[in-house]
Amino acid sequence: MAASLIGAVGEWLRSLFLNNIGLKLASFFLALLLYAHVVTEQQRESVLRVSVGLSGLADTLAIRGTPPGHVDVTVRGKWKDLIRLGLSNPLLSLDLAGIGPGPYIEAITAEKVAERAFPPELAKLVEVTAIGDPGEVAFAIEPKAEKWVAVRARLAGELAPGWRLVAAPEVKPESILVSGPRSAVDAADTLNTLPVDITEEREKIQREVSVDTGTAPLIPEPRRIVVTLRLARAAPDSVAAGP
């Protein structure tokens, strides 16, 4: 009797799920689409990251400072429109054409974000309700300058015991051309490379490394140089040379 009952239940479950399977699947997907439509039609508010870009600066000028790369804005609208807006990769482009040397400050407003960063068809459907930090773009514009500066190799670590540097590190080229805002170029005297790790080295070292400009807004040319270190065994009882 138990076996018959189990068999009957199994047959009922099979008929429940398999009879008219096409119609049931169609109904399920139709319900899913209806649910998605209802949900995406609802009003929502979300935070959207908008990239900030600069264009149009004259070739004879350079920026001193660090313009923000993005701004977070709060946007309200239908969920489906917010999804489309996020997929559009919004960019707030600031045109510096005609701007001369001096301080530059421009407030980031909801109107500017909607007008310049959003696609026109979406700007009409969503509302920017708040602007996050930074609320403005601020930096200085200076005449561009350039000059040649010396480069030194910066070492990190210690050689293997019993080994020493034969001579000062060789760098090629020994000087590079840097360009950027005049005040930063005038302050530049000597630039270092990124650290060259000599830990436990026992042979000649030759590596191509980048020039380290630190926080200075300088563009080096070339950007990478060749550092050569010549090693030799240290005399008995001597201490291996460090960087």
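That block above? That's the structure.
Everything numeric in this text was worked out from a predicted model, so none of it was measured. (Residues numbered from 1 in each chain as written. Predicted model: local features only at pLDDT ≥ 70, side-chain atom pairs only at ≥ 80, totals over all residues. Heavy atoms only, no water.)

(A) The arrangement of the overall build of the protein in detail. When helices and strands are tallied, the protein shows six helices and 17 strands. Buried positions account for 29% of the 243 residues belonging to the protein. When contacts within the protein are restricted to residue pairs at least 6 apart in sequence, long-range pairs at least 24 apart make up 78% of them. (Helix = DSSP H or I, 4+ residues; strand = E, 2+ residues; numbered from the N terminus. Buried < 20%, exposed > 50% of the residue type's maximum accessible area, 1.4 Å probe, protein only. Contact = heavy atoms within 4.5 Å.)

(B) Structural context of the pattern of salt bridges. Counted according to the given criterion, the structure contains nine salt bridges. Across the salt bridge formed by Glu106 and Arg116, the nearest N and O atoms sit 3.1 Å from each other. Here Arg116 lies in helix α4 (residues 110–117) and Glu106 lies in strand β5 (residues 102–107), a separation of ten residues in the sequence. A relative accessible area of 38% means that Arg116 is categorised as partly exposed. (Salt bridge = Lys/Arg side-chain N within 4 Å of Asp/Glu carboxyl O.)

(C) Up close: the pairing of strand β16 (residues 224–229). Note: strand β10 (residues 170–172) against β16, three bridges, orientation antiparallel. Considered in β16, the bridge of Lys172 is made with Val226. (Pairing = 2+ DSSP bridges.)

(D) Highlighting the environment of Pro68. Mapped onto the elements, Pro68 comes out in the loop between β2 (61–64) and β3 (70–78). Remark: the alpha-carbon pair of Pro68 and Val52, spanning 16 residues in sequence, is separated by 6.7 Å. Excluding residues within four positions of it along the chain, Pro68 makes contact with Val52, Pro134, Glu136 and Val137.

(E) Representation of the packing of aromatic side chains within the structure. Applying the stated criterion to the full structure yields one aromatic pair. Ring plane angle 20° and centroid distance 4.9 Å describe the contact between Tyr104 and Phe139, whose orientation is recorded as stacked. Here Tyr104 is found in strand β5, whereas its partner Phe139 is found in strand β7 (residues 136–152), with 35 residues between them in sequence. Phe139 gets classed as buried once you look at its relative accessible area, which sits at 7%. Over the aromatic face of Trp79 sits the side chain of Arg44, whose NZ or CZ is 3.9 Å from the ring centroid. (Phe/Tyr/Trp six-rings, centres within 6.5 Å; stacked < 30°, edge-to-face > 60°. Lys NZ or Arg CZ within 6 Å of the ring centre and 35° of its normal.)

(F) Region of interest: the nonpolar core. Ile176, Val196, Ile198, Ile225, Val227 and Leu229 are the most contacted members of the largest nonpolar core, which has 25 residues in total. The set of elements that each furnish at least two residues to this core consists of β7, β9 (163–165), β11 (175–181), α6 (182–187), β14 (205–212) and β16. Setting aside chain neighbours within four positions, we find Leu229 in contact with Leu155, Leu165, Pro169, Val196, Ile198, Lys204 and Ile205. (Core = buried A, V, L, I, M, F, W, Y, C linked by side-chain atoms within 4.5 Å.)

(G) Up close: unusual backbone geometry. At the junction of Asp133 and Pro134, the peptide bond is cis and its omega measures out at -5° in the coordinates. Its location among the elements puts Pro134 in the loop between β6 (127–131) and β7. Each neighbour pair has its own omega, and for Lys172 with Pro173 the value is -5°, a cis peptide bond. Considering the arrangement of structural elements, one finds Pro173 in the loop between β10 and β11. Phi at Glu200 takes a positive value of approximately 60°, unusual for a residue other than glycine. In this structure, Glu200 sits in the loop between β13 (196–197) and β14. By relative accessible area, Glu200 is classed as partly exposed at 43%.

(H) Up close: the sheet that holds β6. If you trace the four strands from one edge of the open sheet to the other, you get β4-β1-β3-β6, paired in mixed fashion. Two strands in the sheet have a free side with no partner beyond their single neighbour: β4 (91–95) and β6. Here the average twist between neighbouring strands, direction ignored, is 35°. One ladder, built from nine bridges, connects strand β1 (residues 43–55) with β3; its direction is antiparallel. (Axes fitted to C-alpha atoms, helices over the stretch in contact; angles between N-to-C directions.)

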